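Okay, here's what each chain looks like letter by letter:
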Amino acid sequence: MSYETPDVDGYSPISVLVSAVVGVAVALLSVWWASGFGPFYETLFRVSPTVEGGGVGSDWVAGNTIPSLDFLIALVHAADVIMGVFILFMVFLHWASFRRIAARMRHPNESESGDAVMADGSGSGGETE
Amino acid sequence: MTNLDHGKFTRVTTLFHSLLALDVFLLFFTGYAIMFNSELWWMVTLMGGATGVTALHRAAGLGLIALIVFWMVLMVISPTGRSNFREILPRKADVDAFLQDVQFMLGRTDERHPHARQFAGYEADEVPLLSYVGKGVVFIFAIELLLLTISGLLIWSKTGLMQYFATRTAAMAFVIFHGLLGVIMVMGVMFHIFEHGMHPAFYPVETKAFIPRSMIPESHDEDDDHEGTGIEALELAPSWHSVSTIFGSLVVVGIVSVLMGSIVREGYPVPRELVVSGDVTNLLLTIGINIGMFVLFVGIVLSMYGNVMRVRWEKEMQQRQREGETVADGGEPQTDD
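Residues numbered from 1 in each chain as written. Chains lettered and ligands numbered in written order. Predicted model: local features only at pLDDT ≥ 70, side-chain atom pairs only at ≥ 80, totals over all residues. Heavy atoms only, no water.

K.L.:
Summarise the overall build of chain B; cite the residues concerned and give the values.
P.N.:
Summing up its helical and strand segments, chain B has 10 helices and 0 strands in all. Put simply, chain B runs from its N terminus to its C terminus through helices and strands in the order α-α-α-α-α-α-α-α-α-α. Counting all 337 residues of chain B, 61% fall into the buried class. Within chain B, counting contacts between residues at least 6 apart in sequence, those at least 24 apart form 76% of the total. (Helix = DSSP H or I, 4+ residues; strand = E, 2+ residues; numbered from the N terminus. Buried < 20%, exposed > 50% of the residue type's maximum accessible area, 1.4 Å probe, protein only. Contact = heavy atoms within 4.5 Å.)

K.L.:
Which residues make up the packing of aromatic side chains, and what are the values?
P.N.:
Inspection of the entire model under this criterion finds 13 aromatic pairs over all chains. Here the aromatic rings of Phe92 of chain A and Trp95 of chain A are separated by 6.2 Å at their centres, their planes lie at 5 degrees, and the arrangement is stacked. Within this pair, Phe92 of chain A and its partner Trp95 of chain A are both found in helix H3 (residues 67-104), separated by 3 residues, close to a single helical turn. Accessibility expressed as a relative area gives 40% for Phe92 of chain A, which makes it partly exposed. Judged by relative accessible area, which is 13%, Trp95 of chain A ranks as buried. Look at Phe174 of chain B and Phe177 of chain B: their rings are 6.2 Å apart centre to centre, the planes differ by 65 degrees, and that puts the pair in the edge-to-face class. In this pair, Phe174 of chain B and Phe177 of chain B are both assigned in helix H8 (residues 168-197), 3 residues apart and thus about one turn of the helix distant. (Phe/Tyr/Trp six-rings, centres within 6.5 Å; stacked < 30°, edge-to-face > 60°.)

K.L.:
Can you tell me about a nonpolar patch on the surface, naming the residues and giving the values?
P.N.:
A grouping of Val81 and Val85 of chain A together with Val256, Met260, Ile263 and Val264 of chain B is seen on the molecular surface, where their side chains present a nonpolar patch of about 450 Å² in accessible area. When residues of the nonpolar patch are traced back to their parent elements, those giving at least two are H3 of chain A together with helix H9 (240-264) of chain B. The residue Ile263 of chain B is located in helix H9 in this model. (Patch = residues over 30% accessible without salt bridge, like charges linked within 9 Å, V, L, I, M, F, W, Y side chains within 5 Å. Areas by Shrake-Rupley, 256 points an atom, 1.4 Å probe, with all protein chains shown as cover. Salt bridge = Lys/Arg side-chain N within 4 Å of Asp/Glu carboxyl O.)

K.L.:
Outline the nonpolar core, supporting the account with residue identities and numerical values.
P.N.:
One finds Val91 of chain A together with Phe25, Phe28, Tyr32 and Leu296 of chain B to be the most contacted residues of the largest nonpolar core, which totals 98 residues. Here Phe28 of chain B is in contact with Ala33, Gly182, Met185, Val186, Val189 and Leu296 of chain B, once residues within four sequence places are set aside. Within the second largest apolar cluster, 9 residues are counted, among which are Ala27 of chain A together with Ala66, Leu153 and Trp156 of chain B. (Core = buried A, V, L, I, M, F, W, Y, C linked by side-chain atoms within 4.5 Å.)

K.L.:
How would you explain the confidence of the model for chain B if you had to name every residue and give the values?
P.N.:
All names here are of chain B. Mean pLDDT over chain B: 81, with 79% of residues reaching 70 or higher. Contacts from residues 1-5, a stretch scored under 50 in pLDDT, to residues over four places away or in other chains number 32 contacts. Ignoring residues within four places in sequence, the model shows residues 269-278, a span with pLDDT below 50, making 38 contacts including any to other chains. (pLDDT = per-residue confidence, 0-100.)

K.L.:
Help me get a handle on the side chain of His115 of chain B, residues and values and all.
P.N.:
Residues and elements named next belong to chain B. Looking at the element boundaries, His115 is found in the loop between helix H5 (92-105) and helix H6 (132-156). Its relative accessible area of 13% is what places His115 among the buried residues. Residue contacts for His115: discarding those within four places in its chain leaves Arg91, Ala93, Asp94, Ala97, Pro128, Ser131, Tyr132 and Lys135.

K.L.:
Please give an account of the side chain of His178 of chain B that cites residues and values.
P.N.:
All names here are of chain B. Among the structural elements, His178 can be located in helix H8. With a relative accessible area of 18%, His178 lands in the buried category. Polar side-chain contacts of His178 include one of 3.4 Å to the backbone nitrogen of Gly152. Once residues lying within four places of it in the same chain are set aside, the contact partners of His178 are His57, Leu148, Ser151, Gly152 and Ile155. (Polar contact = N/O pair within 3.5 Å; in protein donor to acceptor, adjacent residues only side chain to side chain.)

Below, the structure written as structure tokens:
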């Protein structure tokens, strides 16, 4: 990895190692906590909403709505819709921008000088011959 | 020739990005196989039925926790992480960039704002570490992943959830909440795939996330001090127009479909259905959601392609070092022979 490159502030191996160890440890601990500090296999398949007869909600009797959770779900629904519309707008915005940018690039059929280089530097810019 | 991509990611970041992407894709495939199980019945079957899907989802969830904690710790304990964090804080220029993008779309301005630029045919200091979209992606995905992880762990945990809400209904509600929350992320990921796959200069995939900065030679030749971006020197791939049109349409259909699906298939309050989603009544929705999953699949393929590019690039760099050859712009000297 000692390429002839400009100075780059990378991450030190020790930082990476410490972070990785902490990451794995926290993941294991949190899952262990989620399993009630018990054996892992016991609770692995506890929530199976798609399993008929045995899934979550299959034997409720009463109290099937909880106002705070209702509100939370309504909130996420609203967030879904608002963010969805916004994301769609972003797609169209970038789609249109890309078309404008593409219009400025050299088109394959008008390649007169052969000094095209692909943006990734892979050199496959000449693939159109 | 200007340098083509200023290469913004370090090696650790590129590897983290790839691992996170694979893990999140697996979470999407398993999670939405559960949530939209009528539409994605084949996916449930492929992954070993409800048992297999939930097991895979949990395994991927474990991986996700490890990955995000790793990243949070790294951002705190390393100087690079801390300085990068300062770089991604939103600024007023990001709002300006968004507004200018709208004007660019409408043809009222000729250039995109520096904070919107992906194509790096500029001086290094003109292009920030992340565009305003990049910043948005980082922040929104970070918040989403955190909320999804917490709600996912609460669903997983028998005692954890029960101590707050002592009914199975509550557990059901949390499953719904978790799924609906993920919809925002899956829509964002589809946009992310489009944005970094269909940029005409980087088509079929922007490589800055795969080829680390340390491997990209930057040139500041005297002969490239021309005005503008240098984009006009690049050649558009012949398939770009048709592929970007088709893929853009698929992305839009996919986003609309999971959005509709999340509204139609809510499954809460509980008595309506035992399962999260209903039966196959809406053919269009079924097709649309499958198209959305196809978009995600394309994302996986592009991610793999990016990694293949990195390996190829690495080999080329090593070979070039052996030959003692330097190509200032990082392009293959293909036109010389």
